[in-house]
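Breakdown of the fold
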Amino acid sequence: MSKRHSVKYKIDRRMGENIWGRPKSPANKREYGPGQHGQRRKGKMSDFGVQLRAKQKLKGYYGNITEKQFRKVYSDASRQKGDTSENLIGLLERRLDAIVYRAKFVPTVFAARQFINHGHIKVNGQRVNIASYQVRPGDVIEVREKSKQLALVLEAVQSAERDVPDYIDVDHSKMTATYSRVPGFSDVPYPVQMEPNLVVEFYSR
């Protein structure tokens with residue numbers, strides 16, 4: 001299992017955007033980047049720099065995904081029929097940790113990964129502890145009975161910070177969610193503009 005060693009909110013400041021849309025993001029207070037060179041005047045970014053930034057932002061949004069894992073997702077997307085950028089988003093949104101986060105069972109995508117790793121989630125009645133598990137349309141995701149009253153879960157469900165997207169049918173009274181369909185890029189409620197087409201350009205150089 002990989003582990004993020006850098007502070008997760010540094011991603012916000014490095015990008016200069018509140019990529020998860022959270023009220024306590026430091027990007028809301030300090031628009032410049034982290035570190036001793038964070039306040040340097042920014043020059044015009046090259047095409048490579050723009051593509052790299054788009055890739056880092058999308059990869060960072062989904063939490064603890066390593067470069068190797070993310071590149072594999074891109075490779076899988078490029079082998080599928082249709083638009084590679086749409087396929088890329090579809091595969092990322094099929095990850096179990098993304099769905100647990102979207103269903104508002106946990107407050108952050110980082111918490112979703114840990115929640116799954118600790119065995120709190122079932123898929124179609126079977127416990128699954130792999131955050132990258134690919135969920136299929138029609139699969140039912142549920143919080144284990146013993147975990148339904150955890151403070152983390154109750155607070156996330158009651159939070160008005162974000163809404164559940166329409167490609168996931170959630171019953172918070174039973175703590176279950178049904179993944180109804182693979183979303184298109186325009187269906188995903190990103191708090192900031194993502195540019196998967198630039199990610200495709202980055203990897204297809």
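These numbers were taken from a predicted model, which means no experiment stands behind them.

1. Observations concerning the pattern of salt bridges
Considering all chains together, one arrives at eight salt bridges under this definition. A salt bridge links Arg 95 to Asp 97, with the shortest nitrogen-to-oxygen separation between them at 3.0 Å. The class of Asp 97 is buried, set by a relative accessible area of 2%. Several salt bridges share partner residues, and in doing so they unite Lys 72, Asp 76 and Arg 79 into one network.

2. Overview of helix 7 (residues 151–158)
The complete set of buried residues in helix 7 reads Val 153, Ala 156 and Val 157. End-on, the buried residues of helix 7 take up no more than an arc of 100°, which puts them together on one face. Among the exposed residues of helix 7, those oriented more than 90 degrees off its buried face are Glu 155 and Gln 158. Check the buried side of helix 7 and you find it contacts helix 6 (109–117).

3. Some remarks on the sheet that holds strand 2 (residues 126–127)
Read from one edge to the other, the open sheet built from five strands follows the order 2-1-3-5-4, with strand pairing classed as antiparallel. One side of each edge strand has no neighbouring strand; the edge strands of this open sheet are strand 2 and strand 4 (168–171). Of the strand pairs in this sheet, strand 1 (residues 121–123) and strand 2 are connected by two bridges, and their pairing is antiparallel. When the sheet's bridge partners are listed, Val 123 is paired in strand 2 with Gln 126.

Rules used throughout
Residues numbered from 1 in each chain as written. Predicted model: local features only at pLDDT ≥ 70, side-chain atom pairs only at ≥ 80, totals over all residues. Heavy atoms only, no water. Salt bridge = Lys/Arg side-chain N within 4 Å of Asp/Glu carboxyl O. Buried < 20%, exposed > 50% of the residue type's maximum accessible area, 1.4 Å probe, protein only. Helix = DSSP H or I, 4+ residues; strand = E, 2+ residues; numbered from the N terminus. Arc of directions from axis to C-beta. Contact = heavy atoms within 4.5 Å. Pairing = 2+ DSSP bridges.

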